[in-house]
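This is what each chain is made of:
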Amino acid sequence: MRAAAIAASLTMLVIVGGCNGGSGPAAAKETAACDGVPQLALAGRVTDAANILPAEDEVRLSGRLARYERDTQHQMVIVTTPSLHGVRIDNFGTCLGNRWKIGRQGHDDGVIVVIAPNERQMRIATGIGMEKILTDDKALAIVHRMTPYFAKADYSRGLSVGIDAISAETGDKP
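In this text the structure is predicted, and so the values were computed from the model without any measurement.

A. Layout of the state of the cysteines. In this structure the tally under the stated criterion is 1 disulfide. Residue C34 pairs covalently with C95 via a disulfide, S to S 1.9 Å. On the sign convention where negative means left-handed, the S-S torsion of about -100° between C34 and C95 marks this disulfide as left-handed. On the criterion of sequence distance, the pair formed by C34 in the loop between α2 (25-28) and β1 (46-48) and C95 in helix α4 (residues 89-100) is long-range, its members being 61 residues apart.

Rendered as structure tokens:
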């Protein structure tokens, strides 16, 4: 299976920052950094465009993200993509976060987890209002916890571990 072969050598790239939540002038007009980012439709709390998650796991993860939002008011979404289309993953995640308006307006407290399995990259992007809570160092530690599962193509379990760790860092009980 190609996904398993890719996952075996999966390396993770984490860059945190920039998910704007849709407020301010940046939301009105995209920057050049968004050039090449496809118009991917938000399918809910989990958008599995790369088709790496079983349907029942999408439902379970989506329910967990709904509970996180209910309990903390912060929004978190997961997106998988079959291709970054030559765009840097940091730009990809930030652009999607801004387009989809992840996070509360005026709080910029959204989190978007982007997985590009074919490029073997991952990113946790946060809104500016979340950066003090979920720092680069904390995000990197979370990715290190997720990576062993991704290396075995167990994306669902890796995402569960990641969601629980992000939740614990940002005021929720896993």
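B. Molecular detail of the packing of aromatic side chains. One pass over the full model with this rule turns up 1 aromatic pair. Between the aromatic rings of F150 and Y155, the centroid separation amounts to 5.3 Å while the plane-to-plane angle is 45°, which identifies the pairing as tilted.

C. The sheet that holds β1, seen in detail. If you trace the 4 strands from one edge of the open sheet to the other, you get β1-β2-β3-β4, paired in mixed fashion. If you trace the sheet from one side to the other, it starts and ends with β1 and β4 (121-126), each paired once. If you compare each strand with its neighbour and ignore which way they point, the axes differ by 10° on average. With 5 bridges connecting them, strand β2 (residues 76-80) and strand β3 (residues 111-116) associate as parallel partners. Bridge pairing links I78 to V113 in β3. Here α4 sits on the sheet in contact with β1, β2, β3 and β4, set at roughly 135° to β3. Sitting on the sheet, helix α6 (residues 155-169) is in contact with β2, β3 and β4, with an inclination near 155° to β2.

D. A look at the nonpolar core. By size, the foremost hydrophobic cluster in this structure holds 26 residues, and its most contacted members are V113, M122, I124, L159 and I166. Those elements that provide at least two residues to this core are α3 (55-72), β2, β3, β4, α5 (136-151) and α6. Residues V79, V87, W100 and I102 belong to the second largest nonpolar core, which totals 16 residues.

E. Spatial organisation of the environment of L61. Counting through the fold element by element, L61 comes out in helix α3. For the pair L61 and V77, spaced 16 residues apart in the sequence, the C-alpha separation amounts to 9.6 Å. Apart from the residues lying within four places of it in its own chain, the contact partners of L61 are V46, L53, S156, L159, S160 and I163.

Parameters and conventions
Residues numbered from 1 in each chain as written. Predicted model: local features only at pLDDT ≥ 70, side-chain atom pairs only at ≥ 80, totals over all residues. Heavy atoms only, no water. Disulfide = S-S within 2.5 Å. Helix = DSSP H or I, 4+ residues; strand = E, 2+ residues; numbered from the N terminus. Phe/Tyr/Trp six-rings, centres within 6.5 Å; stacked < 30°, edge-to-face > 60°. Pairing = 2+ DSSP bridges. Axes fitted to C-alpha atoms, helices over the stretch in contact; angles between N-to-C directions. Contact = heavy atoms within 4.5 Å. Core = buried A, V, L, I, M, F, W, Y, C linked by side-chain atoms within 4.5 Å. Buried < 20%, exposed > 50% of the residue type's maximum accessible area, 1.4 Å probe, protein only.

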